[in-house]
Amino acid sequence: MWADWNSRQHPKISPQLYSRGEPFDADEYIERLAWRTPGGGSKGGAEAFDPKRLLEEFENHIEELKQLDEKIQRRVEKLEHQCHREAKEFAHKVQDLQRSNQVAFQHFQELDEHISYVATKVCHLGDQLEGVNTPRQRAVEAQRLMTYFNEFLDGDLRSDVFNNPEKVMIHILPSALIIFNRRYPLWFADVKAKIASKYHDLERQLIQEFTAGQRRGEIGRMREVAAVLLHFKGYAHCVDVYIKQCQEGAYMRSDVFEDTALLCQRVNKQVGEVFQSPETVMAKLIQNIFENKLQAHVKEKLDETRRSDIEQYLKNLYDLYTRTTALASKLTEFNLGSDKHTFLSKLIKNIFSTYLESYIEMEKDYLRTRSAVILQRYYDSKNHQKRPLGGGSIQELKERIRQRTNLPLGPSIDTHGETFLSQEVVVNLLQETRHAFERCNRLSDPSDLPKNAFSIFLLLVEHLCVDHMDYALEIGLSAIPSADAKNANLYFLDVVQQANTIFHLFDKQFNDHLMPLISSSPKLTECLHKKKEVIEQMEVKLDTGIDRTLNCMVGQMKHILATEQKKTDFRPEDENNVMIQCTAACSKVCVYVSRQVERVRKSMDGKNVDTVLTELGVRFHRLIHEHLQQYSYSSMGGMLAICDVAEYRKSAKDFRVPLVLQLFDTLHALCNLLVVAPDNLKQVCSGEQLTNLDRNLLHAFVQLRVDYRQARLGRHFS
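Residues numbered from 1 in each chain as written. Predicted model: local features only at pLDDT ≥ 70, side-chain atom pairs only at ≥ 80, totals over all residues. Heavy atoms only, no water.

A. Seen up close, the packing of aromatic side chains. What the rule picks out here adds up to eleven aromatic pairs. Plain terms: the ring middles of Phe570 and Tyr633 are 4.9 Å apart, the flat faces sit at 55 degrees to each other, and that makes the pair tilted. With Phe570 in the loop between α19 (523-564) and α20 (584-603) and Tyr633 in the loop between α21 (607-628) and α22 (635-653), this residue pair connects regions lying 63 residues apart in the sequence. The residues Phe570 and Tyr633 share a single accessibility class, namely buried. (Phe/Tyr/Trp six-rings, centres within 6.5 Å; stacked < 30°, edge-to-face > 60°. Helix = DSSP H or I, 4+ residues; strand = E, 2+ residues; numbered from the N terminus. Buried < 20%, exposed > 50% of the residue type's maximum accessible area, 1.4 Å probe, protein only.)

Here it is, written out as structure tokens:
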């Protein structure tokens, strides 16, 4: 606004000082004014800087601005005065409009009262007219009825309503029957019979007309006839005819479920155009399909396999029930009434109720038989006759005594390295059980689902855990040789490895397929308890077998040492001509230990590896410790013993167990007592690795030295 006014009032200065539309900036305005003034620029421009001239220009411009401000102020006051005047005029106009509106509202109220008065009069007049017209209408209807009755009485039906199909008034005939039955129950029996006959003829004609219209696809004619028959018994017959006819040619393929879905989808739109209550007709159509077509299809599929092939029967039952429920889910998109889900559930129940009642017993019988066949087929392939492993037998008692002691109660079972555990068998059993869980989930009533799933789980435990795994563990335990056996086949570690794999598969199926079925029921506690009980029982047998296997390993090491280690190994005859290296016995033991450590690692997993290797390492150390104490050592023999222990220590590193390595470190330090100078014995015994050991143990090692009595080393321990 300032720039526009300046352009009009000061054409000489303003166009150069400020462009129209730019935002006003006081500093820039002053700069431009100074720049445009001759001699007022900062560098003087073409002329030298002249402050007086610039001051004069500023004073003149300030004076002009004051004048401009006064003009603007006067203009503002003028506009404010004009605004106040127009506001008062507008307020007067609003008051006048309010008064006019009030007058109009009063007129409207008067008009409304007048209209109400007229309406009351009209209603009263209408009531009077109705009072006059109703008796007249009844008289006309009575006259028409008497005319029709007279025609029936004469036997000559001349009226158009009886002869023109386009004008048939079928509701007249039932009305006539009702009237004559009430007023003349015994008279005009012949007329009543004729009326009834004509009624049935017309009803049949209308139904035929409806059927013909359906075949021709004339929706309008179908709708008209259905409307005429709506309130009479012929309407139900009309619906039945429609349902029957719409199914003709609909089931041309082998997939009855897909055909049903397509049929209902096609008919749904037509039903809405023809019938006044389409939801009732659609519900009746679906009920007809379920009770006839689907039920016959299900019965045919299931009855032919129920006794001949129970496996196929269960598969068919699962497939048919699944497809039927899927079809019902598709049908819920149609209008079938207020409670369509309950309606469809009842239809499904009516089809499958007889089959579902006996389902779980047949499932268990099949699973029991199938599992037994799988197991027997496996044992037959191994040419193995299962041994009875009943508890409390004399043979079992002898076996337990033989395994816990070294008493010669007979040889152990020779299985030739066969574990009698098969992953293929396990996978087949788990797969059959998985299918059973899937069928159980689909076919069981929700209230019976946890109980049924638990019964299937018990069968899995019986056949997989007891008949297969537990039997294999018992056989494996019986096949473990005694601790003093030579060249024993320690295949029980293979049993452990396969059992561990089977445990993982069993646990995975428990979590993936059983838990979702029982997670929210009291059966969950029973399942968890049963699983824990079974696993603990087998873990006890695995622990027992591993313990016996470790005893056999140690016994094998002991046998190697007993046959390979010679007394002269540590007291050589020519001590000046001896190679400082480990003995042959030590080499063989270390090779054997390395193989066993590797077998343990392959057979175990997780923390079980460290646990078993720790136990084996401790027993290995105890054996070597006791073995070394059986010999006496010369100075050179002590060096050879240290070489052996160093080699044993290398084998101990393969265990990757700190405790085992620490034990052999201590043993290595003890062997130093065999070669150290007598005067240094006390210092060595006070070393870091030996200071915490029992003095009797240290003394026992010192006593192994050949020079123990000669050098009177006992005084160092007095």
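Let's pick the thread back up.
B. Layout of α20. The end-to-end C-alpha distance of α20 is 29 Å, a good match for the 28 Å that 20 residues give at a rise of 1.5 Å each. For α20, every residue scored as buried is listed here: Ala585, Cys586, Val589, Cys590, Tyr592, Val593, Gln596, Val597, Val600 and Ser603. At its buried positions, α20 is contacted by α18 (492-518), α19, α21 and α22. (Expected span 1.5 Å × (residues − 1). Contact = heavy atoms within 4.5 Å.)

C. Quick peek at the nonpolar core. One finds Phe275 and Ile286 to be the most contacted residues of the largest nonpolar core, which totals 164 residues. With 17 residues, the top contributor of residues to this core is helix α17 (residues 449-479). No fewer than three residues from each of domain 2 (385-557) and domain 3 (565-716) sit in this core. With residues up to four places along the chain from it excluded, the contact list for Phe275 reads Phe210, Ala226, Tyr235, Cys238, Val239, Tyr242 and Val281. (Core = buried A, V, L, I, M, F, W, Y, C linked by side-chain atoms within 4.5 Å. Domains from an automatic or database assignment.)

D. Representation of the state of the cysteines in the model. This structure, assessed with the given rule, holds zero disulfides. Of all cysteine sulfurs, the one in Cys246 lies closest to Cys264, which takes part in no disulfide; the gap is 8.3 Å. The thiol sulfur of Cys590 is not disulfide-bonded, and the nearest other cysteine sulfur, from Cys586, lies at 4.0 Å. (Disulfide = S-S within 2.5 Å.)

E. Structural context of the side chain of Arg705. With respect to the helices and strands, Arg705 occurs in the segment after α25 (695-702). Residue Arg705 is classed as buried on the basis of its relative accessible area of 7%.

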